[in-house]
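# An overview of the molecular structure
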Amino acid sequence: MKIVVADKFERVGLDGLAAIGCNVTNAPETPADGLAAVVNDARAEVLVVRSKKVTALSIEGMRGVRLIIRAGAGYDNIDLNAATAAGIAVANCPGMNAVAVAELAIGHLINLDRRIPEQTIAAREGKWDKKEFGRTGTGGARGLKGSTLGVVGCGAIGRAVIKRALAFEMRVIAWSRSITKDHAKDLGAEWGGNDTPALHTLASVCDAISIHLPGASDTKHLIGREFLSKMKPGAYLVNTSRGSVIDEAALRDAMVSKGIRAGLDVFENQPAEPQGAWTCQTAKLSGVSITHHSGAGTEQAQNAVAEEVVRIVRVLKETGTIENRVN
Ligand code: MLT
């Protein structure tokens, strides 16, 4: 089976695909608009991508591809409708990087409370400031123990965040479109409801909120002006899911007007390519902790994702079945 891997992919995945008899074209530098050409040249049946955008135009130009595998959980970088219309299956690797993303979400939470990025910047600028960073009161560190964390979205990542927050002795309220009272209780959390009014109530009672929703039309700007207006002044907002979920201009206004602190791994205007110039208006504000959509970027997570990709291809080769199909 011929496979094109069009993003950086762990060695264990490349070796694993070769070991099950695949002929792999490893082409991480392929530009998004060159995907169809690379796939067609390689006569590939399977395309593996991580961050690369697979547009309708690319899909329409592909010949012979049966399956596109997203080496990660979310698949909003792949035009699902176009793939379905072209008879191409799309599969993902859910849960494989959940712990890594949850660890980063908790990292942002601690960053926001203890202002670690600002302390680092001050040191880099040649300043010792125990007075500022060791103070309490408005703008100071509060401590996480006993504070209330709202977890929005309770898939594998949200659940991993709940587990870690409970270890920090936080009170956790869980909201998702489908979570039941029993499920929340099993997770050790309080039930935060399933609808938008309940989401806004959650905003009003939490000291910190962590977002774990997929990027989709029904989650776009779900965290918008109304939600932000309900948040407590000085509360913390962490987003390691998708940039589209938060109205970032509204967030900046809330950061300035009511001291919301934001820990962000994803952005509305983040580059599609893994490296390049980027202007982030939100990063210029104080009370911010920024990472570069690197939530899933641990060795453990990337190896687990790569092994899952190999498993999906092996099952396809052996049985013709597409595991984790999303369309
Ligand atoms: C995901 O959807 O799992 C993450 O965005 C993964 C990644 O950054 O590769």
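Nothing here was measured: the structure is a model prediction, and the numbers come from that model.

In this section: the side chain of Thr148. Checked against the element boundaries, Thr148 lands in strand S6 (residues 148-152). The class of Thr148 is buried, set by a relative accessible area of 5%. A polar side-chain atom of Thr148 sits 3.4 Å from a polar atom in the side chain of Arg171. Non-local contacts of Thr148, meaning those with residues more than four positions away in its chain, are made with Arg171, Ile173, Val205, Cys206, Asp207 and Ala208.

Segmentation of the chain into domains returns domain 1 (2-96 + 299-319) and domain 2 (98-290). Each of domain 1 and domain 2 was reduced to a C-alpha centroid, and the two centroids are 31 Å apart. Between domain 1 and domain 2, the contact holds 9 residues from the first and 7 residues from the second. Here domain 1 packs against domain 2, burying approximately 630 Å² in sum over the two surfaces, 46% of which is carbon and sulfur. Our count for the contact surface shared by domain 1 and domain 2 stands at 1 salt bridge. Taking the shortest distance from any N to any O, the salt bridge between Arg242 and Asp76 comes out at 2.8 Å. One can count 2 residue pairs in polar contact (both at pLDDT 80 or more) joining domain 1 with domain 2. Class assignment for the residues of the side of domain 1 that touches domain 2 results in 3 nonpolar, 3 polar and 3 charged.

Spatially, 5 strands are ordered S2-S1-S3-S4-S5 in an open sheet, and the strand pairing comes out parallel. The open sheet has two free edges, formed respectively by strand S2 (23-26) and strand S5 (89-91), since each of these has just one partner strand. Neighbour-to-neighbour, the strand axes of the sheet open up by a mean angle of 20°, direction not taken into account. Both strand S4 (residues 67-70) and S5 contribute to a ladder of 3 bridges, which runs parallel. Among the inter-strand pairings, Ile69 is bridged to a residue of S5, identified as Ala91. Running at roughly 155° to strand S1 (residues 2-5), helix H2 (residues 35-42) makes contact with S1, S2 and strand S3 (46-49) of the sheet. Together, S1, S3 and S4 form the strand contacts of helix H13 (residues 299-319), whose direction differs from that of S4 by roughly 160°.

A word on the packing of helix H1 (residues 11-19) against H13. One way to put it is that H1 packs onto H13 with a least axis distance of 8 Å and a crossing angle of 15°. With respect to their mutual orientation, H1 and H13 come out roughly parallel. Between H1 and H13 lies a crossing of right-handed hand. Between H1 and H13, the contacting residues are Val12, Gly13, Gly16 and Leu17 on the first element and Asn303, Ala306, Glu307, Val310 and Val313 on the second. Across the contact of H1 with H13, the residue classes tally to 5 nonpolar, 3 polar and 1 charged.

The local shell around the ligand consists of Arg50, Arg70, Gly72, Ala73, Gly74, Asn97, Arg242, His293 and Ala296. Arg70 is positioned such that a nitrogen or oxygen atom in its side chain is 2.8 Å from an oxygen atom of the ligand. Within the side chain of His293, an N or O atom sits 2.8 Å from an oxygen atom of the ligand. In the complex, 94% of the free accessible area of the ligand, which totals 270 Å², lies under the protein chains. Here the residues of the shell around the ligand sort into 2 nonpolar, 4 polar and 3 charged.

Let's shift gears to empty space enclosed by the protein. Within the structure shown, the criterion is met by 2 cavities of 30 Å³ or more. Forming the walls of the largest cavity are Lys8, Phe9, Glu10, Arg50, Ala71, Gln302, Val305 and Ala306. When grouped by side-chain class, the residues that make up the lining of the largest cavity number 4 nonpolar, 1 polar and 3 charged. Around the second largest cavity, the lining residues are Asp113, Arg114, Arg115, Gln119, Glu132, Phe133, Arg135, Gly140 and Ala141. A class-by-class count of the residues in the lining of the second largest cavity yields 2 nonpolar, 2 polar and 5 charged.

Cut-off values and rules
- Residues numbered from 1 in each chain as written.
- Predicted model: local features only at pLDDT ≥ 70, side-chain atom pairs only at ≥ 80, totals over all residues.
- Heavy atoms only, no water.
- Helix = DSSP H or I, 4+ residues; strand = E, 2+ residues; numbered from the N terminus.
- Buried < 20%, exposed > 50% of the residue type's maximum accessible area, 1.4 Å probe, protein only.
- Polar contact = N/O pair within 3.5 Å; in protein donor to acceptor, adjacent residues only side chain to side chain.
- Contact = heavy atoms within 4.5 Å.
- Domains from an automatic or database assignment.
- Buried area = accessible area lost by both parts, 1.4 Å probe.
- Salt bridge = Lys/Arg side-chain N within 4 Å of Asp/Glu carboxyl O.
- Nonpolar A, V, L, I, M, F, W, Y, C, P; charged D, E, K, R; others polar.
- Pairing = 2+ DSSP bridges.
- Axes fitted to C-alpha atoms, helices over the stretch in contact; angles between N-to-C directions.
- Parallel < 35°, antiparallel > 145°, perpendicular 65-115°, else oblique.
- Left-handed = near helix turned anticlockwise from the far one by under 90°.
- Near = heavy atom within 4 Å.
- Areas by Shrake-Rupley, 256 points an atom, 1.4 Å probe, with all protein chains shown as cover.
- 1 Å grid on protein atoms, 1.4 Å probe; cavity = no way out; pocket = protein on both sides within 12 Å on 5 of 7 lines; lining within 4 Å.
- Points joined across faces, edges and corners; volume = space filled by probe spheres on them.

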